[in-house]
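Survey of secondary and tertiary structure
Next come the chains, spelled out residue by residue.
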Amino acid sequence: MTTITQDSAVTLHFTIKLSDGSVADSTHNMGKPAKLIVGDGSLSENFEQCLLGLKAGDNKVIELKAEDAFGMPNPDHIHYMDRAKFVGDAEVEVGTVMAFSGPDGMEIPGIISDIAGDSVTVDFNHPLAGQDVTFDVEILSVE
């Protein structure tokens, strides 16, 4: 049976829980498993290290400190924008997640964290940055 190594294509179900036990994200809720290539940069290196050696059918609970999961919040990822840039039907309110065009043309999500007059504060840190998380993983296939 194939075990997970660097460059393995892995199909898995995962549930991410916060330190209070609440579920932050789950592939079960989406109705389909996630697919990833170990080493492609889509997951933190520390998380990938925990997957190495697992095989199809394995279940594992992986506890990660914030810096090993989604990183710590980076103040450089907080941007202040003119409210006039937010046009159209989009409701601008604190807590709204909006897609913005990044410098490379890719869409990146930002969370509106503050509105003061004509200034809108947008936080581009990962929503789980700064949080310790637990991943419950179920490996479905390894190629």
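Here's a quick rundown of the structure.

Here is what the cut-offs are and how they apply
Residues numbered from 1 in each chain as written. Predicted model: local features only at pLDDT ≥ 70, side-chain atom pairs only at ≥ 80, totals over all residues. Heavy atoms only, no water. Helix = DSSP H or I, 4+ residues; strand = E, 2+ residues; numbered from the N terminus. Buried < 20%, exposed > 50% of the residue type's maximum accessible area, 1.4 Å probe, protein only. Contact = heavy atoms within 4.5 Å. Areas by Shrake-Rupley, 256 points an atom, 1.4 Å probe, with all protein chains shown as cover. Lys, Arg positive; Asp, Glu negative; His and termini not counted. Charge placed at Lys NZ, Arg CZ, Asp CG, Glu CD. Salt bridge = Lys/Arg side-chain N within 4 Å of Asp/Glu carboxyl O.

1. Brief notes about the overall build of the chain
- A count of helices and strands for the chain gives two helices and nine strands.
- When the elements of the chain are put in sequence order from the N terminus, they spell out β-β-α-β-α-β-β-β-β-β-β.
- In terms of principal-axis extent, the alpha carbons of the chain reach across some 60 × 35 × 30 Å.
- Here the chain holds 143 residues, and the buried ones make up 31% of them.
- Contacts in the chain between residues at least 24 apart in sequence constitute 63% of all its contacts with a sequence separation of at least 6.
- Of the roughly 8,700 Å² that the chain leaves accessible, carbon and sulfur atoms contribute 50%.
- Charge separation in the chain, taken as the distance between the mean sites of 8 positive and 24 negative side-chain charges, equals 6 Å.

2. Description of the pattern of salt bridges
- Within this structure, the stated rule accounts for three salt bridges.
- A salt bridge links Lys-65 to Asp-132; the nearest nitrogen and oxygen atoms lie 3.6 Å apart. Within this pair, whereas Lys-65 is found in the loop between strand E4 (59-64) and strand E5 (78-82), its partner Asp-132 is found in the loop between strand E8 (119-123) and strand E9 (133-142), the two being separated by 67 residues in sequence.
- On the basis of relative accessibility, which here comes to 32%, the residue Asp-132 falls in the partly exposed class.

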